[in-house]
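Single-letter residue listing:
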Amino acid sequence: MLAGKKIILGVCGSIAAYKSALLVRGLLRAGAEVRVLMTPSAADFLSPLTLATLSKNPVVSSVHTREGWNNHVELGLWADAYVIAPVTATTLAKLASGLCDTVLVAVYLSARCPVFFAPAMDVDMWQHPATRANVEKLQSYGNHLIDVESGELASGLSGPGRLAEPEHIVALLDAFFAAPEADLAGRRILITAGPTYEDLDPVRYLGNRSTGRMGIALAEAAAARGAEVELVLGPTHLQTTAAGVTTTNVRSALEMHAAALARWPACTDAILSAAVADYRPATLSGEKIKKSDGDLQLRLVRTPDIAADLGSSKRPEQTLVGFALETENGVENARGKLDRKQLDFIVLNSPLDPGAGFGHETNQIQLIDRNKVTAFELKSKRAVADDILDRLVRDKPTP
């Protein structure tokens, strides 16, 4: 699928820059045309002549050269994809903030094509909150993370932070450009995602750690497969601009309940991935609740059950999919929800599984219906989304 594709490869100053030569070779073997950009420090790790020879195109390392002006806008418009591999913590921060002091960032800001970024750094740098925030900000702009891999690092430490192997990057790009089968064409899918915030007073609320990443991955994957998607999204810094996805932003369980019920009659399917609060404060204080010497007691009341209410009005041709986040007796508890809420199948995951649950780019699930349990290994949330949608396609009811 990469044959004839025009790829810009951005290379930053990392010990992993040597893998860029292998990446260029891999892209060329797949039939792509490659142009290489380098930050000034990248040349300390890998010769521009090497990449120019391999790519059969001059390497660009500055907007201004002795030969003249390198038009970063033209480069950004030329490409079918822009891949930055490796991207260092420094350039990651520049991309996230728009600090345009290299040709690599200038082309990024001008690019209209999909942008992929593949970080490479030591384990502590990768896990630092500042790095995590920059990664999430870039993803929130619609850019695609090529996740780090784990193993021995240049520092001698071992852990996550290694640049993804070149063959893995080529395979990911190949899969991206593969035309997705439009097996959801004609379907209108309601997806709930993210947390709900239940206000206590003007400055405090009850909430949870959901980011909405799983639901957004479902929305984008469903749209890519031809569906019209109604995404009802709780408060989160993540958003999607994918074509085919209409987003309604809500805050509370009551607002999500109202939005979901209003859209359900016109939908063929619903996937309820949101982490909706089970309880909300019985009263909302109009003023900030002041601290006192004694304990504070809160009276909580139940929030509406979105899954149950959608299930009670479900037509025979509609499919309803729920999510269950369980820490014990997962399969038993999830199966109990199937009948109570009239679900067709349910997605079970646990925050106790490494790399699963809230705040991760990955998830590990089991799909449960009344007859069997299907377990999957740890995957990216986009890959998990396709597993769920595959089951949705296979199990579509006959009207």
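Further up the page is the structure itself.
Cut-offs used in this document
- Residues numbered from 1 in each chain as written.
- Predicted model: local features only at pLDDT ≥ 70, side-chain atom pairs only at ≥ 80, totals over all residues.
- Heavy atoms only, no water.
- Helix = DSSP H or I, 4+ residues; strand = E, 2+ residues; numbered from the N terminus.
- Rg over C-alpha atoms; globule rule 2.2 N^0.38 Å.
- Buried < 20%, exposed > 50% of the residue type's maximum accessible area, 1.4 Å probe, protein only.
- Areas by Shrake-Rupley, 256 points an atom, 1.4 Å probe, with all protein chains shown as cover.
- Axes fitted to C-alpha atoms, helices over the stretch in contact; angles between N-to-C directions.
- Parallel < 35°, antiparallel > 145°, perpendicular 65-115°, else oblique.
- Left-handed = near helix turned anticlockwise from the far one by under 90°.
- Contact = heavy atoms within 4.5 Å.
- Nonpolar A, V, L, I, M, F, W, Y, C, P; charged D, E, K, R; others polar.
- Pairing = 2+ DSSP bridges.
- Phe/Tyr/Trp six-rings, centres within 6.5 Å; stacked < 30°, edge-to-face > 60°.
- 1 Å grid on protein atoms, 1.4 Å probe; cavity = no way out; pocket = protein on both sides within 12 Å on 5 of 7 lines; lining within 4 Å.
- Points joined across faces, edges and corners; volume = space filled by probe spheres on them.
- Salt bridge = Lys/Arg side-chain N within 4 Å of Asp/Glu carboxyl O.

## Notes on the overall build of the protein
Secondary structure assignment for the protein yields 13 helices and 23 strands. The C-alpha atoms of the protein give a radius of gyration of 24 Å, which matches the 21 Å a tight globule of 399 residues would have. A principal-axis box enclosing the C-alpha atoms of the protein has dimensions of 70 × 60 × 40 Å. A burial count over the protein gives 50% of its 399 residues as buried. Carbon and sulfur atoms form 51% of the exposed surface of the protein, whose accessible area is close to 18900 Å².

## Brief notes about the packing of helix H9 (residues 213-224) against helix H13 (residues 381-394)
Closest axis-to-axis distance for the H9/H13 pair is 8 Å, and the angle between their directions is 60 degrees. Of the possible angle classes, the one that applies to H9 and H13 is oblique. Crossing hand, H9 versus H13: right-handed. Contacts between H9 and H13 involve Arg213, Met214, Ala217, Leu218, Glu220, Ala221, Ala222 and Ala224 from the former and Lys381, Arg382, Val384, Ala385, Asp386, Ile388 and Leu389 from the latter. Its residues assigned to classes, the contact of H9 with H13 comprises ten nonpolar, no polar and five charged.

## Quick look at the sheet that holds strand E14 (residues 245-249)
Strands belonging to one sheet form pairs held by backbone hydrogen bonds; the direction of such a pair is parallel or antiparallel. Strand order across the open sheet formed by eight strands is E14-E13-E10-E15-E18-E19-E21-E22, with mixed pairing between neighbours. Unpaired on one side and paired on the other, E14 and strand E22 (373-375) mark the two borders of the sheet. The mean inter-strand angle of the sheet, taken between neighbouring strand axes irrespective of direction, is 15 degrees. Looking at chain direction, strand E10 (residues 188-193) and strand E15 (residues 269-272) are connected through four bridges and run parallel. Each bridged residue has a counterpart across the sheet, and for Ile189 the counterpart in E15 is Asp269.

## Points about the packing of aromatic side chains
In the structure shown here, the tally under the stated rule is three aromatic pairs. When the centroid spacing of 5.0 Å and the interplanar angle of 90 degrees are considered together, the rings of Phe116 and Phe176 count as edge-to-face. Of this pair, Phe116 sits in strand E6 (residues 115-119) while Phe176 sits in helix H8 (residues 166-177), and the two are 60 residues apart along the sequence. By relative accessible area, Phe116 is classed as buried at 1%.

## Digging into the layout of surface pockets
Counted as a void, the largest pocket has a volume near 1400 Å³. What lines the largest pocket is a set of 43 residues, and nearest its centre among them are His144, Leu145, Phe176, Glu220 and Arg382. Listed by contribution, the elements that provide at least two residues to the lining of the largest pocket are helix H7 (129-140), strand E7 (144-145), H8, H9, strand E23 (379-380) and H13. Looking at the lining of the largest pocket, the element that brings in the most residues is H9, giving seven residues. When its residues are assigned to classes, the lining of the largest pocket shows 22 nonpolar, eleven polar and ten charged. For the second largest pocket, the calculated volume is near 980 Å³.

## As for the pattern of salt bridges
Under the defined criterion, the tally for this structure stands at 20 salt bridges. We note a salt bridge from Glu228 to Arg188, for which the minimum N-O separation is 2.8 Å. Of this pair, Glu228 sits in strand E13 (residues 228-233) while Arg188 sits in strand E10; the two residues are 40 residues apart in sequence, bridging distant segments of the chain. Overall, Arg188 belongs to the partly exposed group, its relative accessible area being 26%. For Asp339, the salt bridge goes to Arg370, with nearest N and O atoms at 3.0 Å. Here Asp339, found in helix H12 (residues 330-340), pairs with Arg370, found in the loop between strand E21 (366-368) and E22; they are 31 residues apart in sequence, far enough to count as distant. Judged by its relative accessible area of 42%, Arg370 falls in the partly exposed class.

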